[in-house]
Amino acid sequence: METIHLRYPMEKTTVCNRESCVLALGFFDGIHVGHRAILEKAKQIAKQKQLKFGVMTFFPHPKDILFPEKKPMKYLTPLKVKEEGFKELGVEKLFIVEFTPDFSALSPKEFVDEYICSFKCKHVVAGFDYCYGAKGKGNMETMVGHGAGKFEVTVISKVKHHYEKISSTAIRGLLAHGRVRDIPSYLGRPYQVQGTPLYYSHVGQNNIFMEIHVDREYRLPKPGLYKVKVEVNDSSYEGVCHQMFINKNGASLLVQMKKCDCKEDFKSVNISWLDFIKGEPNKLNDMNKYIQRDELVI
Ligand SMILES: Cc1cc2nc3c(=O)[nH]c(=O)nc-3n(C[C@H](O)[C@H](O)[C@H](O)COP(=O)(O)O)c2cc1C
Ligand SMILES: Nc1ncnc2c1ncn2[C@@H]1O[C@H](COP(=O)(O)OP(=O)(O)O)[C@@H](O)[C@H]1O
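The structure displayed is predicted, hence computed values, not measured ones.

A. Quick look at the pattern of salt bridges. Enumeration according to the criterion identifies 14 salt bridges in this entry. With a shortest N-O distance of 2.9 Å, Arg-7 and Glu-98 are connected by a salt bridge. In this pair, Arg-7 sits in the loop between strand E1 (2-6) and strand E2 (21-25) while Glu-98 sits in strand E4 (residues 93-98), placing the two residues 91 residues apart along the sequence. On the basis of relative accessible area, Arg-7 is assigned to the partly exposed category, the value being 47%. Taking the shortest distance from any N to any O, the salt bridge between Asp-113 and Lys-109 comes out at 2.6 Å.

B. Just the sheet that holds strand E3 (residues 52-59), in detail. The six strands lie next to each other as E1-E4-E3-E2-E5-E6, forming an open sheet whose pairing is parallel. Because the sheet does not close on itself, it has two edges, and the strands there are E1 and strand E6 (152-156). With direction set aside, neighbouring strand axes in the sheet form an average angle of 20 degrees. Across four bridges, the pairing between E2 and strand E5 (residues 121-127) is parallel. Each residue of the ladder has a partner; that of Cys-21, found in E5, is Cys-121. Helix H6 (residues 140-147) contacts E2, E5 and E6 of the sheet and is inclined by roughly 165 degrees relative to E6.

C. Fine view of the nonpolar core. Ranked by internal contacts, the top residues of the largest apolar core, which has 35 residues, are Tyr-191, Met-210, Val-230, Val-255, Met-257, Ile-271 and Trp-273. If you list the elements that add at least two residues to this core, you get helix H7 (168-176), helix H8 (184-187), strand E9 (191-203), strand E10 (207-215), strand E11 (225-232), strand E12 (235-247), strand E13 (250-257) and strand E14 (269-278). Excluding anything up to four places from it in sequence, Tyr-191 contacts Tyr-75, Leu-76, Leu-175, Ile-183, Tyr-218, Arg-219, Ile-271, Ser-272 and Trp-273. Grouped together as the second largest cluster of nonpolar side chains are 28 residues, Phe-99, Val-124, Met-143 and Phe-151 included.

D. Structural context of the state of the cysteines. By the definition in use, this model includes zero disulfides. The thiol of Cys-21 is unpaired, and the distance to the nearest cysteine sulfur, on Cys-121, comes to 5.0 Å. Note on Cys-21: relative accessible area 1%, which makes it buried.

E. Summary view of the UniProt feature "domain: FAD synthetase" (unreviewed entry) in the protein chain. On the UniProt side, "domain: FAD synthetase" (unreviewed entry) is annotated at positions that read residues 18-170 here. End C-alpha atoms of residues 18-170 are separated by 37 Å, and the span's content is 37% helix alongside 23% strand.

How each quantity is defined
Residues numbered from 1 in each chain as written. Chains lettered and ligands numbered in written order. Predicted model: local features only at pLDDT ≥ 70, side-chain atom pairs only at ≥ 80, totals over all residues. Heavy atoms only, no water. Salt bridge = Lys/Arg side-chain N within 4 Å of Asp/Glu carboxyl O. Helix = DSSP H or I, 4+ residues; strand = E, 2+ residues; numbered from the N terminus. Buried < 20%, exposed > 50% of the residue type's maximum accessible area, 1.4 Å probe, protein only. Pairing = 2+ DSSP bridges. Axes fitted to C-alpha atoms, helices over the stretch in contact; angles between N-to-C directions. Contact = heavy atoms within 4.5 Å. Core = buried A, V, L, I, M, F, W, Y, C linked by side-chain atoms within 4.5 Å. Disulfide = S-S within 2.5 Å. UniProt positions renumbered as here; feature names shortened; annotations may be inferred.

If you want it as C-alpha cells, here you go:
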C-alpha cells in the first residue's frame, strides 16, 4: 500500500504521474461493518475496472478543527492502526489529507476538482450520508453532479443493527457505557487496543500480571473490571483488565493473564475487550492483592 500525505494547498508535483483509481471516501474511525461495506464495494469496482483501489481519509478528525474548543478526539482506531486495517483490506493507495481550517473552507466543487479529479479518480464510493466541502454542504447527490463526465458514483445505503445506523458514534456510546459485549455486532470483531507493557511479573501458577501503557489517542471503555483476551507474541490468553489512570500521555491498564506459560519478552500487547464484569472495584493501593492471588480476580 502506498500512503500519500496531502496538505492544502497541494504542490503541483503531488498529483503528477498518478494511476487511475477508485476512491472510497470517509473518516473510517473503527473500520466498522458499515465502513467495510464501502471498502469492499470500492475494491470490487477497482477489480472490475482494472483501476487502483484507493481510500481518501482525513486527519485529524474534522471535529478537532471545526470545534477546537472541545476536547481532542479519542479514536477507536488511531491513524497508525487504521492504516494497518486498510492495508489488510487490500487498499493500494491511501490518501491522508490533513484536515486544516483552510482545507475545511474549500467549496464542495473545489474539493472534488482539486482532490478527487486531480488524482485521476474514475469512480467514487461513499455512504449515503457522506458530506464534503465548506459547512459540509456537499452530499452524495451533489457528488453525482460534480463528477458528471469525470467519474461515476456508487452510494452505499445505510448498514444497520437493530434498525440503528452502525456508526463510530454508536460504538463510542457503547464504550462509554461499558457495553463492550455488544460491540462485535457493530465492529465485526471485539473492540481492541494495542499497548506496550511497562512491567510484568509471574504470579502464582502461570498467571502473569502486567501494566500496559496505551497511547493517549485511544478511546477506552468506561472504567471498571473487564474480561479480555490478551494477545502477545502470536499467542492469546484469557485475562482481566482494569484501568488504573489516564493522563496526558495516555492510559495505564492493569492486566492479569490466566494460564500464561509465555517465557519470552513482550514488546507489544493487543487487548480485546470481551465483557464488563463490574464497576471500578480496585483502587491503586489494592494492586498488591492482585499480585498475591493465584487465581484470576473474577
Ligand atoms: C473539503 C472539505 C471541507 C469540509 N468542511 C466542513 C465544514 O466546514 N463544516 C463541517 O461540518 N464539515 C466539513 N467537512 C467535513 C464533512 O462534513 C465530513 O465530516 C468529513 O468529510 C468526514 O466525512 P464522514 O464523517 O462522512 O466520514 C468538510 C469535508 C471536506 C472534505
Ligand atoms: N452504517 C453505515 N452505512 C453505510 N455507510 C456508512 C455507514 N457508516 C458510515 N458510512 C459511510 O462511511 C464513510 C465514513 O463515514 P464516517 O463518518 O467516518 O463513519 P461514522 O458515521 O461511523 O462516523 C462515509 O462515506 C459514510 O457515509
